[in-house]
Amino acid sequence: MTILTKPLLYACDLSSQIGGLLIGKDPMSKKLKTHSGHLVVKSNRLIEARYKLTVLEQKLVLTLISKIQPDDRDFKTYTFRIIDLAKDFEIDQKRAYHELAKLTYDIMKKPLEIYSDEKKERLHVNWFSSAKHLETTGLIEFKISDEMKPYLLQLKEQFKAYPLQTVMQFKHIYSFRLYELLKQYEIPGERKIELAELKRILMLDENEYERLFNLEKRVLKPVIAEINAKSDLAVTYEKVKFGRKVTGISFRIEPASEADLFASKLSKEQQNLLRRGMKAGIRKMIVLGYLKEYSVEKVSNGIKVVESSKNPENANGLFVESIKKGWQPTLRQGEFLNIWVKLHI
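Residues numbered from 1 in each chain as written. Predicted model: local features only at pLDDT ≥ 70, side-chain atom pairs only at ≥ 80, totals over all residues. Heavy atoms only, no water.

Caption draft 1: Broad picture of the pattern of salt bridges. For the coordinates displayed, the defined rule picks out 21 salt bridges. A salt bridge links E321 to K325; its shortest N-O distance comes to 3.6 Å. With a gap of four residues between them, E321 and K325 both fall in helix 15 (residues 315-325), about one helical turn apart. Residues joined by salt bridges that share partners form a network here, namely E113, R122, E197 and R200. (Salt bridge = Lys/Arg side-chain N within 4 Å of Asp/Glu carboxyl O. Helix = DSSP H or I, 4+ residues; strand = E, 2+ residues; numbered from the N terminus.)

Put into structure tokens, the structure is as follows:
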């Protein structure tokens, strides 16, 4: 495996690595619900393993991994309610049993490949050894493959931990993998990867992504946009050249700002308001600020006022004034602008 830089080795126990984010010792609640506050903890070698899963398959695997506790010395039987998984994965509950049965079966047909540089060994293994669907109780019981123990249990160094909730918002198949690969290098803040190695890890089709243009258009740009919009990282990249040929990608990784973190947690309704506000000419930071302090209804009314005025040059001030004064979007087009001008002469 050819990685141009090496991640920081964490010679510390898990509790010091993740601080106050530790979860309780019970691997499932009394009601057997999934919890978005759980952590995904993986060894670096597992993060750099070679595999390709769909969006839903990755969400299920990561949800399962998040049930493992820092002090676990062996894998347990991890039990989930089908109705809870269906809700978390936005699966139609009428088809939940069938869809989840197919999902687990498909995952078991897709082993991952873990390579050891030191031992020069290549391991092919399934994520879990069994998935038992209990029709009478509406439960699924998972058992993780024993061969995965070195990569998921009792990790003291060379691992990374992050909240499950961060990646559950992703919708692009490669966002999960690239997020983990970049999260490894949050310190020191830069990661350089050869193109061939990136394609190998992500299992990208060589013919389909032979041209860098296709790789950027279909993978790098949309994935980095999603990571920046929905995660705790702010990422940029540039091409690494050898002569005139692009041989690798250099990623710059920084923690996302407080505003970015807030934006990543917006509800669908709030996200829609943010898009509408920006389209109407209101600055992103202003819309985010008012979404944080005011109800969705008040922010929506403020945006409607700006949309009614159809004057983007005064969008920011008109938006703020309309919320503070409680204006309703009922006046005819142009009347809001006249009021705004009169107030500020």
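So that's the structure; there's more coming.
Caption draft 2: The arrangement of the pairing of strand 1 (residues 39-43) in detail. Across the five residues of strand 1, five count as buried, placing the element largely inside the fold. Residues L39, V41 and S43 line one face of strand 1 and the alternating positions V40 and K42 line the opposite face, and both faces are buried. Relative to strand 7 (residues 159-163), strand 1 runs antiparallel, the two being bridged by five bridges. The residue of strand 7 that forms the bridge with K42 is K160. (Buried < 20%, exposed > 50% of the residue type's maximum accessible area, 1.4 Å probe, protein only. Pairing = 2+ DSSP bridges.)

Caption draft 3: Structural view of the packing of aromatic side chains. Enumeration over the complete set of coordinates arrives at nine aromatic pairs. Between the aromatic rings of Y51 and W127, the centroid separation amounts to 5.0 Å while the plane-to-plane angle is 85°, which identifies the pairing as edge-to-face. With Y51 in the loop between helix 2 (44-47) and helix 3 (55-65) and W127 in the loop between strand 4 (121-125) and strand 5 (128-134), the pair connects residues that are 76 residues apart, well separated along the chain. Judged by relative accessible area, which is 5%, Y51 ranks as buried. Seen in terms of ring centroids, Y237 and F251 are 6.3 Å apart; in terms of plane orientation they differ by 45°. Their pairing is tilted. You can see Y237 sitting in strand 9 (residues 233-242) and its partner F251 sitting in strand 10 (residues 245-255), a full 14 residues away along the chain. Chaining the aromatic ring pairs together yields one cluster made of Y162, F170, F176 and Y179. (Phe/Tyr/Trp six-rings, centres within 6.5 Å; stacked < 30°, edge-to-face > 60°.)

Caption draft 4: How the structure looks around helix 5 (residues 96-108). When the terminal C-alpha atoms of helix 5 are compared, their 18 Å separation across 13 residues agrees well with the 18 Å that a helix rising 1.5 Å per residue should span. Taken residue by residue, helix 5 has A96, L100, L103, T104, D106 and I107 as its buried positions. Viewed end-on, helix 5 has its buried residues packed into an arc of 160°, placing them on one side of the element. Its buried side turned inward, helix 5 meets helix 3, helix 4 (82-88), strand 5 and strand 6 (139-144). (Expected span 1.5 Å × (residues − 1). Arc of directions from axis to C-beta. Contact = heavy atoms within 4.5 Å.)

Caption draft 5: Inspection of the nonpolar core at higher detail. Ranked by internal contacts, the top residues of the largest apolar core, which has 68 residues, are L46, L112, W127, M148, L178 and F251. Excluding its chain neighbours within four sequence positions, the residues that come into contact with L112 are L46, A49, R50, Y51, L123, H124, V125, N126, W127 and M148. Membership of the second largest hydrophobic core comes to 22 residues, among which are L274, A280, V287 and V305. (Core = buried A, V, L, I, M, F, W, Y, C linked by side-chain atoms within 4.5 Å.)

Caption draft 6: Inspection of the packing of helix 12 (residues 268-279) against helix 13 (residues 284-293) at higher detail. Two elements in contact, helix 12 and helix 13, have axes separated by 9 Å at closest approach and are oriented at 145°. Like other packed secondary-structure pairs, helix 12 and helix 13 cross with a definite hand, here right-handed. When helix 12 is examined against helix 13, the residues Q270, L273, L274, G277 and M278 are found in contact with a partner set consisting of K284, V287, L288 and L291. Partitioning the contact of helix 12 with helix 13 into residue classes produces six nonpolar, two polar and one charged. (Axes fitted to C-alpha atoms, helices over the stretch in contact; angles between N-to-C directions. Left-handed = near helix turned anticlockwise from the far one by under 90°. Nonpolar A, V, L, I, M, F, W, Y, C, P; charged D, E, K, R; others polar.)

Caption draft 7: Focus on unusual backbone geometry. Following I187, the chain continues into P188 via a peptide bond in cis, with omega recorded as 25°. On the secondary structure map, P188 appears in the loop between helix 8 (175-183) and strand 8 (190-194). Backbone geometry at E90 places phi at a positive 55°, although glycine is not the residue there. Tracing the backbone through its elements, the reader meets E90 in the loop between helix 4 and helix 5. For Q154, which is not glycine, the phi dihedral falls at a positive 50°. Structurally, the position occupied by Q154 is in the loop between helix 6 (149-152) and strand 7.

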